[in-house]
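Survey of secondary and tertiary structure
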Amino acid sequence: MQTRSFALVLILTIAGCAAPPQGSDLVKKPKENLLVVTGGTILAGTELTPLRDVAVLIRNGRIDALIPAAEAARLANAVLVDASGATILPGLIDAHAHIDNLGKSLDIVDLRGATSFDEVLRRVAEHARRTPAGEWIEGRGWDQNAWEVKEYPTAAMIDRIIGDHPVWLDRVDGHASVANSAAMRAARITAATPDPSGGRILRHASGEPTGVFIDDARELVKKFIPPPSRAALASRIERAAQMIARTGLTAIHQAGNADDDEMLIEIVKELIDQGRMPIRIYMMLSSDPEVVDRWLGRGPLLDYGNRLTIRSVKLYSDGALGSRGAALLAPYSDEPENIGLLTTSREQLATTMRRGLERGFQVNVHAIGDRGARTVLEAAEQAGVREEHRFRIEHLQIIALEDIPRLAHLGIIASMQPTHATSDMYWAEDRVGKERIRGGYAWRSLLNAGARLAFGSDFPVEAVNPFFGIHAAVTRQDQKGWPPGGWYPAEAVTLREAIRGFSAEAAWAAFEEQTRGTIEPGKFADLTIVEGDLLETDPSRLFETKVRYTIVNGEIVYDARR
């Protein structure tokens, strides 16, 4: 027993974890509020070192120690969690998500996966049959890049099927939408309606709107859509949070864009107070400049109810690549008259960055095109941003190669979504050409330059499941194994790097590395427990990983066996 204990101490020291107490000491400790996870392979410490025959002792919501598995049964009053045949991961974190939009997607028409606009219309018509006449119909998820005819839909196409409802259908990325004529009438949109700054109304040759609204032009119609009731919004948030927990996620970074930030915050706080919020939320503010101003004035909210933190602001530099709104340094290869849209000027970005620095707020900027990214870097330099401030670029899908060292030098975190690469790879090179695509979804190049890389999904743009993202990061293939060898495979990451992107690096991106992100004594007991030996899984099957338990703060918030 002494030899085995010494070996275990050595293993845990190498893993960066505290040595376990001996059995005789353990039984003298208080026995209340104990949870023990035993029987599986623990991926411990910053290196995700696999430990077997070891159990995780959790006391009052924190990891107390890693102990010999044989000692687990001797702990009186401890709840035993069976992880036999499973892998115990640090609690996975989605560094870019939208819980409000996920909740909304549960109530509106789901258009994801539609292979034509005719299929979109069939789904909308089915929903219309259950909707009282005159009420708005909303949907999200269409993607013209996935259709045989890769053209934007029009209001006239919807009008042929639905005329007694205003219809508003968001593209999958949320940066373009199509309205029918009834919706445009309700919003008083005519040929005389000008394009707003940072947005574009697509028009026929006559000047009449086609029905498609890009980026900030979407607000011309959206503001006329009746908001859900507070009760309906609360129900959506709770259902979305439960769905998130089922995927193994213990925390998300809510990436702004809520219709009403203050309402969302109130609802999340109420759910926390009522013990009905299973996950942690790190929130970015963005929807209303007045709301941002109030929060910058009052200061951050740190770890409300051990579930909610508000200390960041989300800004937008440009639009999306799929709708050709991402700002590029040179014209789109497949639309030479278009260079995309800058939605916020460098000066405006720099001003908010300086205010964030003064008030203790992180500033995270959506930038998808290379011009969008460069504008953020220039603003950060102008504002005096340094590595310790941990400002972020959200998405960073296309970056000029010469700007990668610049980003790393500034300490800007690359907050990226691996499944965007495997969703976009069928057409992304058409948008930017063979040279610029070398800076596309460039995870390995960013890591090699010394940049920090936090991973997320951007759900509901992509699926919530974090193992879809881990699979995409490691293989750069779709779930059918295309393309053979991976799309620009030199930019792939290792499995451990992918897991860290969804755990330790995501925690770092929220200033939370001292309390979560790794399995180490003293940290919150946030764990994701999955079936099988994850390190031995065929990379091509990583997306099939099944979650057995999700544990947040020592509480089992999802149990697949129930």
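Relevant structure appears above.
So, a few notes on the structure that sits alongside this text. Computed from a predicted model, the values in this text were never measured in an experiment.

**Notes on the overall build of the protein chain**
- A count of helices and strands for the protein chain gives 20 helices and 25 strands.
- Relative to the 2.2 N^0.38 estimate, which gives 24 Å for 562 residues, the radius of gyration of the protein chain is 24 Å and therefore close to what a compact globule would have.
- Along the three orthogonal principal directions, the C-alpha set of the protein chain runs to about 85 × 55 × 50 Å.
- Buried residues in the protein chain amount to 61% of all 562 residues.
- Taking all contacts inside the protein chain whose residues are at least 6 apart in sequence as the whole, residues at least 24 apart take part in 74%.

**Examining the packing of aromatic side chains**
- Tallying each qualifying case throughout the model produces 9 aromatic pairs.
- Seen from their ring centres, Phe117 and Trp147 are 5.7 Å apart, and the 50° between their planes marks the pair as tilted. Of this pair, Phe117 sits in helix H5 (residues 117-128) while Trp147 sits in the loop between strand E10 (137-142) and helix H6 (155-159), and the two are 30 residues apart along the sequence. Across the pair, exposure class does not vary: Phe117 and Trp147 are buried alike.
- Between Phe455 and Phe502, the ring centres sit 5.8 Å apart and the planes meet at 50°, which makes this aromatic pair tilted.

**Observations regarding the environment of Ile272**
- Tracing the chain through its elements places Ile272 in helix H10 (residues 261-273).
- Remark: the alpha-carbon pair of Ile272 and Asn306, spanning 34 residues in sequence, is separated by 8.6 Å.
- Each residue touching Ile272, except ones within four places of it in the same chain, is listed here: Met277, Tyr304, Gly305, Arg307 and Leu308.

**Some remarks on the nonpolar core**
- Core analysis: the biggest nonpolar cluster contains 97 residues, and Leu321 and Met353 have the highest contact counts within it.
- Per-element accounting of this core gives the leading share, 7 residues, to helix H9 (residues 230-246).
- With sequence-adjacent residues up to four places away left out, Met353 is seen in contact with Val363, Val365, Val376, Ala379, Ala380, Ala383, Val385 and Phe391.
- In terms of nonpolar packing, the next biggest core, distinct from the first, is built from 22 residues, Ala128, Val167, Val212 and Leu341 among them.

**Some thoughts on the environment of Ile281**
- Tracing the chain through its elements places Ile281 in strand E16 (residues 280-285).
- Ile281 sits in the buried class, given a relative accessible area of 4%.
- Sequence-wise, Ile281 and Glu148 are 133 residues apart; in three dimensions their C-alpha atoms are separated by 39 Å.
- Setting aside chain neighbours within four positions, we find Ile281 in contact with Ile99, Ile252, Gln254, Val268, Arg307, Leu308 and Thr309.

**Some points on helix H13 (residues 370-383)**
- The first and last C-alpha atoms of H13 sit 20 Å apart over 14 residues, in line with the 20 Å expected at 1.5 Å per residue.
- With 11 of its 14 residues buried, H13 lies for the most part within the structure.
- Taken as a whole, H13 has its buried residues at Asp370, Arg371, Gly372, Ala373, Arg374, Thr375, Val376, Leu377, Ala379, Ala380 and Ala383.
- If you follow the buried residues of H13, they end up packed against helix H12 (346-359), strand E19 (362-367), strand E20 (392-395), helix H14 (404-410) and helix H16 (428-436).
- Immediately beyond the C-terminal end of H13, within one or two residues, lies Gly384, with a positive phi of roughly 80°.

**Let's talk about the sheet that holds strand E24 (residues 547-552)**
- Spatial ordering of the open sheet is given by E3-E2-E7-E23-E24-E25, a layout of 6 strands whose pairing is mixed. Edge positions in the open sheet fall to strand E3 (49-51) and strand E25 (555-559), since each of these has one partner strand only. Shown here is a sheet whose adjacent strand axes are inclined to one another by a mean of 20°, direction ignored.
- Bridge count for strand E23 (residues 527-531) against E24 is 4 bridges, and the pairing is antiparallel. Residue pairing for E24: Thr528 is matched across the bridge by Thr550.

**Quick word on the packing of H9 against H10**
- Packing of H9 against H10 brings their axes to within 10 Å, and their N-to-C directions diverge by 60°. Between H9 and H10, the angle falls in the class oblique. Crossing of H9 against H10: the hand is right-handed. From H9, Arg230, Leu233, Ala234, Ile237 and Glu238 reach across to H10, where they touch Met263, Leu264, Glu266, Ile267, Val268, Glu270 and Leu271.

**Remarks on the packing of helix H11 (residues 289-298) against H12**
- Orientation of H11 relative to H12, taken along the N-to-C sense of each, is 30°, at an axis distance of 9 Å. Accordingly, the angle class assigned to the pair H11 and H12 is roughly parallel. Classified by chirality, the crossing of H12 by H11 is left-handed. Listed contacts from H12 to Asp293, Leu296, Gly297 and Arg298 of H11 are Arg355, Gly356 and Arg359.
- Among the residues making up the contact of H11 with H12, the classes are represented as 1 nonpolar, 2 polar and 4 charged.

**Some points on the side chain of His420**
- Looking at the element boundaries, His420 is found in helix H15 (residues 418-424).
- What His420 contacts, discounting residues up to four positions off in sequence, is His395, Gln397, Tyr441, Ser457, Asp458, Val461 and Glu462.

**Section: the sheet that holds strand E14 (residues 209-215)**
- In spatial order, the strands read E9-E10-E11-E12-E14-E13; together these 6 strands make up an open sheet with mixed pairing. Where the open sheet ends on each side, the last strands, each with one partner, are strand E9 (109-110) and strand E13 (199-203).
- Judged from the 5 bridges that link them, E10 and strand E11 (residues 167-171) form a sheet pairing that is parallel. Bridging across to E11, Gly139 finds its partner in Leu169.

Reading the values: rules and limits
- Here the residue numbers are simple positions, counted from 1 along each chain's written sequence.
- Two thresholds apply to this predicted model, a pLDDT of at least 70 for residue-level local features and 80 or more for giving and counting side-chain atom pairs, whereas whole-chain, interface and lining totals are computed over all residues.
- The side-chain quantities take in all heavy atoms of the structure and omit both hydrogens and water.
- The helix count covers DSSP runs of H or I at least four residues long, the strand count covers runs of E at least two residues long, and both are numbered beginning at the N terminus.
- Radius of gyration here uses only the C-alpha atoms, and the compact-globule reference equals 2.2 Å multiplied by the residue count raised to the power 0.38.
- Only protein chains enter the area calculation, which uses a 1.4 Å probe; residues under 20% of their type maximum are buried, those over 50% are exposed, and those in between are partly exposed.
- Note on contacts: a residue pair qualifies if any of its non-hydrogen atoms lie within 4.5 Å across the two residues.
- Side-chain rings of Phe, Tyr and Trp (the six-membered ring for Trp) are treated as a pair once their centres are within 6.5 Å; stacked means planes under 30 degrees apart, edge-to-face means over 60, and tilted covers the remaining angles.
- Each nonpolar core is a collection of buried residues, namely Ala, Val, Leu, Ile, Met, Phe, Trp, Tyr and Cys, held together in the definition by side-chain atoms within 4.5 Å.
- A helix's residues, less one, multiplied by 1.5 Å, set its expected span.
- Between any two strands, pairing holds if DSSP finds at least two bridges.
- For every element, the axis is a line fit to its C-alpha atoms; helices are fit only across the contacting stretch, and the angle between N-to-C directions ranges from 0 to 180 degrees.
- For classification purposes, an angle smaller than 35 degrees is called roughly parallel, one larger than 145 roughly antiparallel, one from 65 to 115 roughly perpendicular, and anything else oblique.
- The sense of a crossing depends on the near helix, which, turned anticlockwise from the far helix by less than a right angle, makes the crossing left-handed and, turned clockwise, makes it right-handed.
- Residues are grouped as follows: Ala, Val, Leu, Ile, Met, Phe, Trp, Tyr, Cys and Pro are nonpolar; Asp, Glu, Lys and Arg are charged; every other residue, Gly included, is polar.

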